[in-house]
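Structural characterization, general
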Amino acid sequence: MSGAFKKQQAIYEQIAEALCDRILKGELAEEEKITSIRETAITMEVNPNTVQRAYEWMQQQEIIYTKRGRGYFVAEGAAKQVMNSKKQEFLKETLPEFFKTMQLLNIKQEELMQLYQEFIKENTDENL
Amino acid sequence: MIHIDNLSFYYKKKKPILSNLSTELAQGKIYGLFGVNGSGKTTLLHTLSGMNFPKEGTIKLNGFQPKDRKLGFFQQIFFVPDAVELPKMKIATYINIYSVFYPNFSESKLNEYLKILKIDASESLNNMSFGQQKKFHLAFAMACNTKILLLDEPTNGLDIPSKDQFRKLMLQQMTNDKIVIISTHQARDLDQIIDHVLLVHDKKILVDESIYKLSQKVKLTTYENKDALPKDSLLNYKSGIRGIEALTLNTTNDFSDLPIEFFIQTCIEKPEIIKKHLTN
């Protein structure tokens, strides 16, 4: 074990995540224009370069795209894309941490399954 | 552009404040000027604005030498000192008298800024608190729309909401043809808005690097104990809540935010290490 803790999330990642969340929740629709780098920088009180980094990352992930001279837009299939990359992140990063804690606290598989099923039941009931 | 070439300044020759300091500052950037008390930050700002004259070396600022004190030079620079001493008069009178010196002054911008900073434009300056006066001075400075804006400890004396508004206004007024230099001890007030770090240490500029590059070069990691610290890449460490917080060289490709206060502390405490690893 290296002894190092997981690093804190960088600001640009937080900006990207906030926008991704809005896409997932449907607050930002596909093909909708998102606020410019400058506007976002002013609202979030961060340097425009930081926002640009977030937008570049989302472009690479094909969550947003740029129309020349017109700004940034939510890509077609962005919600699906966000869902996919969130899922990957959950499976690769969150879940191993979770399993480590389970092991550390000696939580058995059955115990977990039972809790999970209860959770599913409760949450499904709520949605009905 | 600002070119500083081998600048030296002293009041007593044997006690130089700045010695052979050189750097270049580019348009479109907000520079954070850091350094301990007495390191010469304010002296540097005074020299840039023509209030002090270089004892040696030259400064060129958009083609002007500050020490020549040409009209065209004063029209494109604004300096806001740490402690403001504004004349005893109404805000409107102040604006009438002083705005004429600045060809790009915008009254509508000033009113907008004053509104955001919650300053009543019908007030008299002498009836306002230190913080209110400071905010007025900052708003006026930004509304003058000069090519060069020098701010000495702008967040000093500002309450928490005002700091917030100040950051917003700073980003709002920023354009590609401006150079802003902000000297500060409150690194955390401004670390998210500045582009570039200038750190004055031992009469010179020790760190002259963009925030982006610095955050690629160094990172903060928490280790469980001292034995886990990486020997090769370690710059500095201190104990934190969850273990040992270490500032290390970033040897991976991942990108994290620059832990600015710890970084500056390290520069001041261990300039040799910083020189060795981070300056060329």
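Just so you know, these numbers come straight off a predicted model, no measurement behind them. (Residues numbered from 1 in each chain as written. Chains lettered and ligands numbered in written order. Predicted model: local features only at pLDDT ≥ 70, side-chain atom pairs only at ≥ 80, totals over all residues.)

Remarks on the interface of chain B and chain A
Facing the 20 residues of chain B at the interface are 14 residues of chain A. Ranked by residues supplied to the side of chain B that touches chain A, first place goes to helix α6 (residues 160-173) of chain B with 5 residues. Classifying every residue of the side of chain B that touches chain A gives 7 nonpolar, 6 polar and 7 charged. (Contact = placed C-beta atoms within 7 Å. Helix = DSSP H or I, 4+ residues; strand = E, 2+ residues; numbered from the N terminus. Nonpolar A, V, L, I, M, F, W, Y, C, P; charged D, E, K, R; others polar.)

Thoughts on the packing of helix α4 (residues 107-116) of chain B against helix α5 (residues 130-143) of chain B
Residues and elements named next belong to chain B. Relative orientation of the contacting elements α4 and α5 amounts to 150°, with a least axis distance of 9 Å. By the angle between their axes, α4 is roughly antiparallel relative to α5. By crossing handedness, the relation of α4 to α5 is classed as right-handed. For the pair α4 and α5, contact is made by Lys 109, Leu 110, Tyr 113 and Leu 114 and by Ala 139, Phe 140, Met 142 and Ala 143, respectively. Each residue belonging to the contact of α4 with α5 can be placed in one class, and the counts come to 7 nonpolar, no polar and 1 charged. (Axes fitted to C-alpha atoms, helices over the stretch in contact; angles between N-to-C directions. Parallel < 35°, antiparallel > 145°, perpendicular 65-115°, else oblique. Left-handed = near helix turned anticlockwise from the far one by under 90°.)

Looking at the confidence of the model for chain B
Within chain B, residue pLDDT values average 93, and 100% of them lie at 70 or more. With pTM at 0.87, the complex prediction returns an ipTM value of 0.77. (pLDDT = per-residue confidence, 0-100.)

Observations regarding the sheet that holds strand β12 (residues 244-249) of chain B
Residue and element names in this part refer to chain B. Across the sheet, which stays open at both edges, the 3 strands sit in the order β10-β12-β11 with antiparallel pairing between neighbours. Looking along the sheet, the strands with just one partner apiece sit at the ends: β10 (218-223) and β11 (234-239). Along the sheet, successive strands turn relative to each other by an average axial angle of 20°, direction set aside. Alignment of β11 against β12, held across 5 bridges, turns out to be antiparallel. Across the sheet, the residue bridging to Lys 238 is Glu 245, located in β12. (Pairing = 2+ DSSP bridges.)

Quick word on the environment of Ile179(B)
Residues and elements named next belong to chain B. Looking at where Ile 179 falls in the secondary structure, it is placed in strand β7 (residues 179-183). Exposure remark for Ile 179: the 22 C-beta atoms within 10 Å place this residue in the buried category. Linking Ile 179 and Tyr 31, residues 148 residues apart in sequence, is a C-alpha distance of 7.7 Å. When sequence neighbours within four positions are dropped, the list of residues in contact with Ile 179 reads Ile 2, Leu 25, Gln 27, Lys 29, Lys 147 and Ile 148. (Buried ≥ 20, exposed ≤ 12 C-beta atoms within 10 Å, placed from the backbone.)

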